[in-house]
Amino acid sequence: MRTSQFPLNTVKETPADAEIVSHQLMIRAGLIRKLAAGLYNWLPLGLRVLRKVENVVREEMDRAGGLEVSMPVVQPAELWQDSGRWEVFGPELCRFQDRHHRDFCLGPTHEEIITDLVRNEIKSYKQVPVNYYQIQTKFRDEIRPRFGVMRAREFLMKDAYSFHMTQDSLNDTYEAMYGAYSRIFERLGLEFRAVLADTGAIGGSLSHEFHVLADSGEDAIAFSDQSDYAANVEMAEAVALKFPDEAPAELATVATPGQHSIDEVSAFLKVEPQRILKTLLVKGTEGGVVALLLRGDHELNPIKATKLPSVAYPLEFASDAEVREAASCAPGSVGPKGLTIPVIADRSAAELVNFVCGANVDGQHLTGVNWERDLPRHEVADLRLVVEGDVSPDGQGNLRIARGIEVGHIFQLGTKYSEAMQATVLNEDGKNQVLTMGCYGIGVSRVVAAAIEQNHDERGIIWPEALTPFQVALTPINMATSEKLQATAEHLYTTMKAAGLDVLFDDRKARPGVMFADMELIGIPHRIVISERLLETGRAEYKNRRDGEAIEIALEEVIPFLLSRPGIA
RNA sequence: CGGGGUGUAGCUCAGCUUGGUAGAGCGCUACCUUCGGGAGGUAGAAGUCGAAGGUUCGAAUCCUUUCACCCCGACCA
């Protein structure tokens, strides 16, 4: 491709409304342009990258036995009413009516549609398992779209849905998808981790997320430094931290006027926070409140808390009035002693000895408290967020915490949708049997942004080979003034293309600085420069975008040299 | 939805407090000079000052309403 026929829509200035690097660079490099909040046009350069991702995804899905389909973006309400999600889904489901006043929505996901398709088309156990996938535009009316295509309202997603007679069969496909996803992100040249995940609103049992590691990531993930354990911190199991054995101290009541927070009490009583018991009162499912106990240095994990049958979802803290009713004091002085409401202790809180807790009297705390002697043993659960350095739940190594961008998510759905929508087939006994489902998503447009977050410098994007819109930039200097240079450039361009190289020939009448800056901004990994000066010795200059390595090579060696570069052929 | 902020040329912004015929830099067009790291000069094109209403002799500027966009929180690939 020639730049004279492929306008580079680069801009020098950083757009004012772009927060993160990938968003800024995608606009500066001319990959995307915003149309409205959360809606983007993809320019030719950006679309080339998007298609690269798409193709890798498609190849690996096909290799793993997926069958490509295409389902409409617009979906009839009836199917959503069938699954029960028409009512359950919030305002992010964009609903509208057609001219006949029939209800429709823009598909945020396609479980309903595929389940309907399968219940109509798949009749026999002989036709399963099947794994249908599509690469399709989705629309979610996000509360707050941000970070460019990272959290857009309209985005490109690969979604796959598998149907099975047995859990074993689902396990097989789940594993195949796990493998396919790993290959996809490896081929794309991204540093990623697969982590145990919460199944969230989609429902189901087993689930893994695939995260591209980047400091700007919205998710925190925990992984062991010695084993392959990895989980979203929302999910990461927190093991009980033992407390050193000590002789029991005497139980005492102390005045702690005006000391409410853990830090205040810690400073006032000169006791380290980990020896103070934090008592949180939250709303319960039955309408009352429930007490959750944590070590003072630990934080509550709301996801874990709301999974407890007695705790209301979503998590809501008790009001001051409710606290006073349950504990007869203000929130800063609450403790478990004497409470008549349900009490659940975190595993590590249950290990405390000689600790401090609220006395349920304003301005008073208890010291030297011990379980059993002073307080009954309560229900114990995993309630806290893991922290860096925690023992890994598999017992091997310690947890480290990194930030990641979720680019893929695989679920074992079970029969949630197939049951509700009656997706059944006849089994070997001639009986109707509900199919078991899995679903598997990749945020294709998000992958592009994630790749940039992970691969850029102060000059712009540095594309991994598998994603780059062009492999090689051919930049002749002042070509217009030299017929010889022009002829050499044209010849190089033609032979490079013939050699199968995807080359962007900068034939603009631009100054060298402009060409270099543009090619670096748009992230082309390899650059060939030719000039009058170089021509005198029959050489060209090669420069690598990532490591900045620059060498001169003989003109006739240019193509063999490029083809020998890792990842290019 | 709650809290905060911004709308003026394609982009980044000044002008608004104190009302008086619309500005800069970048980008774009043409020409001259320059030519290995976002050049210099000359000339030019380009704006219903987000929209509506009001106050005023006169509104980008003051008042009211409204829309859009951005940031912080709860949702998600």
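All residue numbers here refer to positions counted from 1 along the written sequence of the relevant chain. Lettering of chains starts at A and numbering of ligands starts at 1, both following the order in which they are written. In keeping with the predicted nature of the model, local features appear solely for residues at pLDDT of at least 70, side-chain atom pairs appear and are counted solely at 80 or more, and the whole-chain, interface and lining totals rest on all residues. Computation of side-chain values covers all heavy atoms of the structure but excludes hydrogens and water.

A. Structural context of the protein's contact with RNA strand B. Near is defined per residue: the residue qualifies when any heavy atom it owns lies within 4 Å of the molecule or strand. Around RNA strand B, 45 residues are found, and the nearest of them are Arg-144, Asn-478, Glu-520, Leu-534 and Glu-541. Restricting attention to atoms of RNA strand B within 4 Å of the protein, one finds that 43% of them are sugar or phosphate atoms. A distance of 3.1 Å is found between a base oxygen of RNA strand B and a side-chain nitrogen or oxygen belonging to Glu-142. Identification of polar contacts relies on pairs of N or O atoms within 3.5 Å, with a donor-acceptor requirement for protein atoms, meaning one able to donate a hydrogen and the other able to accept it, and with residues adjacent in sequence counted only if both atoms are side-chain atoms. Note that a base oxygen of RNA strand B is positioned 2.7 Å from one of the side-chain N or O atoms of Arg-511. To qualify as a helix, a DSSP run of H or I must reach at least 4 residues; to qualify as a strand, a run of E must reach at least 2; elements of each kind are numbered from the N terminus. Of all elements in the fold, only β20 (399–414), α13 (512–521), β28 (526–530), α14 (532–536) and β29 (539–544) reach the threshold of two or more residues within the surface near RNA strand B. For the surface near RNA strand B, the element with the highest residue contribution is α13, accounting for 8 residues. Residue classes follow a fixed rule: Ala, Val, Leu, Ile, Met, Phe, Trp, Tyr, Cys and Pro count as nonpolar, while Asp, Glu, Lys and Arg count as charged, and any other residue, Gly among them, counts as polar. Along the lines of polarity and charge, the residues of the surface near RNA strand B split into 17 nonpolar, 6 polar and 22 charged.

B. Local environment of the nonpolar core. By nonpolar core we mean a set of buried residues, namely Ala, Val, Leu, Ile, Met, Phe, Trp, Tyr and Cys, connected to one another through side-chain atoms within 4.5 Å. For the exposure calls, accessible area comes from a 1.4 Å probe over protein chains only, and a residue counts as buried if that area is under 20% of its type's maximum, exposed if over 50%, partly exposed in between. Among the nonpolar cores identified, the biggest contains 61 residues, and Leu-31, Tyr-181, Phe-185, Leu-188 and Trp-463 are the most heavily contacted of them. Every residue pair with non-hydrogen atoms within 4.5 Å of one another is taken to be in contact. Contacts of Tyr-181, omitting those with residues within four sequence positions, involve Met-61, Lys-158, Phe-210, Gly-408, His-409, Ile-410, Tyr-440, Gly-441 and Ile-442. By size, the runner-up hydrophobic cluster in this structure holds 25 residues, among which are Ala-318, Ala-326, Val-334 and Val-343.

C. View of the pattern of salt bridges. The salt bridge criterion pairs a side-chain nitrogen of Lys or Arg with a carboxyl oxygen of Asp or Glu, the two atoms within 4 Å. For the structure on display, the rule yields 40 salt bridges. Here Glu-316 ties to Lys-283 by a salt bridge, and the two come within 3.4 Å at their closest N and O atoms. Here the residue Glu-316 occupies a position in the loop between α8 (302–306) and α9 (320–327), and Lys-283 occupies one in strand β14 (residues 277–283), the gap between them amounting to 33 residues. For Glu-316, a relative accessible area of 43% puts it in the partly exposed group. Residue Asp-362 pairs with Arg-324 through a salt bridge whose shortest N-O separation is 3.0 Å. Linking Asp-362 in the loop between β17 (355–358) and β18 (364–369) with Arg-324 in helix α9, this pair joins segments that are 38 residues apart in sequence. Looking at Asp-362, the relative accessible area reads 40%, which means it is partly exposed. Among the charged side chains, a salt-bridge network with shared partners connects Glu-59, Glu-60, Arg-63, Arg-183 and Arg-187.

D. Spotlight on the confidence of the model for chain A. Each residue carries a pLDDT score, the predictor's confidence in it, ranging from 0 to 100. In the predicted model, chain A carries a mean pLDDT of 92, and 99% of its residues have values of at least 70. Taken element by element, chain A is modelled with least confidence in α8, mean pLDDT 84, and with most confidence in strand β3 (residues 67–68), mean pLDDT 98. Here the prediction assigns the complex a pTM of 0.90, and the interface score ipTM is 0.91.

E. Representation of the sheet that holds strand β4 (residues 74–76) in the model. When DSSP locates at least two bridges between a pair of strands, those strands are taken to pair. Strand order in this open sheet of 3 strands is β4-β6-β5, and the pairing throughout is antiparallel. With one partner strand each, in any of the chains shown, β4 and β5 (95–97) form the two edges of the open sheet. Taken over all neighbouring pairs, the strand axes of this sheet differ in orientation by 40° on average, direction set aside. Two strands pair when backbone bridges link them, and β5 and strand β6 (residues 103–106) are joined in this way by 3 bridges, in the antiparallel orientation. If you follow Gln-97 over to β6, its bridge partner there is Asp-103. Axis definition: a line fitted to C-alpha atoms, over the contacting stretch in the case of helices. Angles run 0 to 180 degrees between N-to-C directions.

F. Summary view of the sheet that holds strand β16 (residues 343–346). Sheet architecture is open: 4 strands sit in the order β14-β15-β16-β19, paired in mixed fashion. Of all strands in the sheet, those bounded by a partner on one side alone are β14 and β19 (379–381). Taking each pair of neighbouring strands and ignoring which way they run, the sheet shows an average axis angle of 30°. Bridge count between β14 and strand β15 (residues 289–295): 7 bridges; the pairing is antiparallel. Residue pairing across strands places Val-282 opposite Val-290, the latter belonging to β15.

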